[in-house]
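Working through the structure, step by step
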Amino acid sequence: MEVIFTGPTGIVTARLRLTLSGCSSNQLEMPDGTSLELANDGVNDLGDRIRGLLGLNWTWQT
């Protein structure tokens with residue numbers, strides 16, 4: 001899953017990439033090339049939380 005954050009003029013300000021199956025990998029990428037690995041504790045899965053916040057009714061297999 002990729003969530004793209006944009007500013008008022010449509011310029012990308014950040015990109016959140018989540019791997020929803022297999023080894024969970026969550027990374028926040030900034031336009032300048034820096035990135036931050038986000039923790040996933042398994043109990044509060046970040047993919048599930050983002051999906052819920054956005055109101056997406058997706059299902060996937062792990």
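Rules used in this analysis
- Residues numbered from 1 in each chain as written.
- Predicted model: local features only at pLDDT ≥ 70, side-chain atom pairs only at ≥ 80, totals over all residues.
- Heavy atoms only, no water.
- Pairing = 2+ DSSP bridges.
- Helix = DSSP H or I, 4+ residues; strand = E, 2+ residues; numbered from the N terminus.
- Axes fitted to C-alpha atoms, helices over the stretch in contact; angles between N-to-C directions.
- Contact = heavy atoms within 4.5 Å.
- Core = buried A, V, L, I, M, F, W, Y, C linked by side-chain atoms within 4.5 Å.
- Buried < 20%, exposed > 50% of the residue type's maximum accessible area, 1.4 Å probe, protein only.

**What about the sheet that holds strand β4 (residues 35-38)?**
Here we have four strands laid out as an open sheet, ordered β1-β2-β3-β4, and antiparallel in their pairing. Each edge of the open sheet is held by one strand with a lone partner, namely β1 (2-6) and β4. On average, each strand axis in the sheet is tilted by 15 degrees relative to the strand beside it, whichever way the strands run. Bridge count for strand β3 (residues 26-29) against β4 is four bridges, and the pairing is antiparallel. Following the sheet pairing, N26 is matched in β4 by L38. The sheet strands contacting helix α1 (residues 46-53) are β1, β2 (12-18), β3 and β4, and the helix crosses β2 at an angle near 125 degrees.

**Structural notes on the nonpolar core**
The biggest cluster of nonpolar side chains holds six residues, and these are M1, V3, L16, L18, L46 and I50. Taken together, the elements giving at least two residues each to this core come down to β2 and α1. Setting aside its immediate chain neighbours within four residues, I50 contacts M1, V3, L16 and L18.

**A short note on the pairing of β2**
Side chains on a regular strand alternate between the two faces of the sheet. In the sheet, β1 pairs with β2 via five bridges, with the strands oriented antiparallel. Looking at the pairing, V3 lines up with L16 of β2. In terms of strand pairing, β2 meets β3 through four bridges, oriented antiparallel. Bridge pairing in β3 links R17 to Q27.

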